[in-house]
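Each chain is listed here by its residues.
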Amino acid sequence: MVPATAASLGICTAINLRKELGAAAGGGNASPFEVAVECVKAQDLPSRVERMELVVRLPEGITEAAADDVVRRAEAACTIANTLLASAGVTTQRHDPAR
């Protein structure tokens, strides 16, 4: 099972990678690539995902420097990655329809 946050991280990263690879290709279509997210559950309490490991497989032929740049820019543009990296707070409110 992949938590929704991990799926969102993968999709957000993929969308931004497609944009960055397309721009690197001179505005053309991005070559095929893969994004995978693996969740690692914490062994202690409270029950939670301790970390998410994001793996990006870029097209062959892209230089190491270009690959690093494309991944860095895609991650920086991803709202989900930025939120997770900033450790966003969570506020829960109970909705009472009788009020």
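Please refer to the structure placed before this passage.
What counts as what
- Residues numbered from 1 in each chain as written.
- Predicted model: local features only at pLDDT ≥ 70, side-chain atom pairs only at ≥ 80, totals over all residues.
- Heavy atoms only, no water.
- Core = buried A, V, L, I, M, F, W, Y, C linked by side-chain atoms within 4.5 Å.
- Buried < 20%, exposed > 50% of the residue type's maximum accessible area, 1.4 Å probe, protein only.
- Helix = DSSP H or I, 4+ residues; strand = E, 2+ residues; numbered from the N terminus.
- Contact = heavy atoms within 4.5 Å.
- Axes fitted to C-alpha atoms, helices over the stretch in contact; angles between N-to-C directions.
- Parallel < 35°, antiparallel > 145°, perpendicular 65-115°, else oblique.
- Left-handed = near helix turned anticlockwise from the far one by under 90°.
- Salt bridge = Lys/Arg side-chain N within 4 Å of Asp/Glu carboxyl O.
- Expected span 1.5 Å × (residues − 1).
- Arc of directions from axis to C-beta.

Chemist: Go over the nonpolar core, please, and point to the residues and values.
Modeler: Ranked by size, the top nonpolar core spans six residues in total: Ala6, Leu9, Cys12, Val37, Cys78 and Ala81. Sort the elements by how many residues they give to this core and helix H1 (residues 4–24) lands first, with three residues. When sequence neighbours within four positions are dropped, the list of residues in contact with valine 37 reads Ala6, Leu9, Gly10, Met52, Glu53 and Leu54.

Chemist: Tell me about the packing of H1 against helix H2 (residues 64–77), residues and numbers included.
Modeler: H2 packs onto H1 with a crossing angle of 130° between their chain directions and a minimal axis gap of 8 Å. In terms of orientation, H1 lies oblique with respect to H2. Remark: the crossing between H1 and H2 carries right-handed chirality. Residue-level inspection shows Thr13, Asn16, Leu17, Glu20 and Leu21 of H1 in contact with H2, the latter providing Val70, Val71, Arg73, Ala74 and Ala77.

Chemist: So what about unusual backbone geometry? Which residues, and what values?
Modeler: Put simply, leucine 45 and proline 46 share a cis peptide bond, and its omega is 0°. Relative to the assigned elements, proline 46 resides in the loop between strand E1 (34–41) and strand E2 (49–57).

Chemist: Summarise the pattern of salt bridges; cite the residues concerned and give the values.
Modeler: In the structure shown here, the tally under the stated rule is eight salt bridges. With its nearest N and O atoms 2.9 Å apart, the salt bridge here joins arginine 51 to glutamate 53. What makes glutamate 53 partly exposed here is its relative accessible area of 30%. Residues aspartate 69 and arginine 72 are paired through a salt bridge, measuring 2.5 Å at the closest nitrogen-oxygen approach. Residue aspartate 69 and its partner arginine 72 are located together in helix H2, separated by three residues, close to a single helical turn. The class for aspartate 69 is partly exposed, based on a relative accessible area of 27%. Each of the salt bridges in this network shares a partner with another, and the network as a whole consists of Glu20, Asp69, Arg72 and Arg73.

Chemist: Tell me about H2, residues and numbers included.
Modeler: Taking 1.5 Å of rise per residue, the 14 residues of H2 would be expected to cover 20 Å, and the 20 Å separating its terminal C-alpha atoms lies within 8% of that figure. For H2, the set of buried residues is Ala67, Val70 and Ala74. In a view along the axis of H2, the buried residues occupy a sector of 70°, so they form one face of it. Residues Glu64, Ala65 and Ala76 are exposed on H2 and point more than 90 degrees away from its buried face. On the buried face of H2, the contacting elements are H1.

Chemist: Describe H1, and please don't skip the residues or the numbers.
Modeler: Here H1 contains 21 residues, and its C-alpha end-to-end distance of 30 Å stays within 8% of the 30 Å for a straight helix at 1.5 Å per residue. Every buried residue belonging to H1 is among Ala6, Leu9, Gly10, Cys12, Thr13, Asn16, Leu17, Glu20, Leu21 and Gly22, and all of these are buried. For H1, the secondary structure elements touched by its buried residues are E1, E2, H2 and helix H3 (79–85). Two residues or fewer after H1 comes glycine 26, characterised by a positive phi angle close to 80°.

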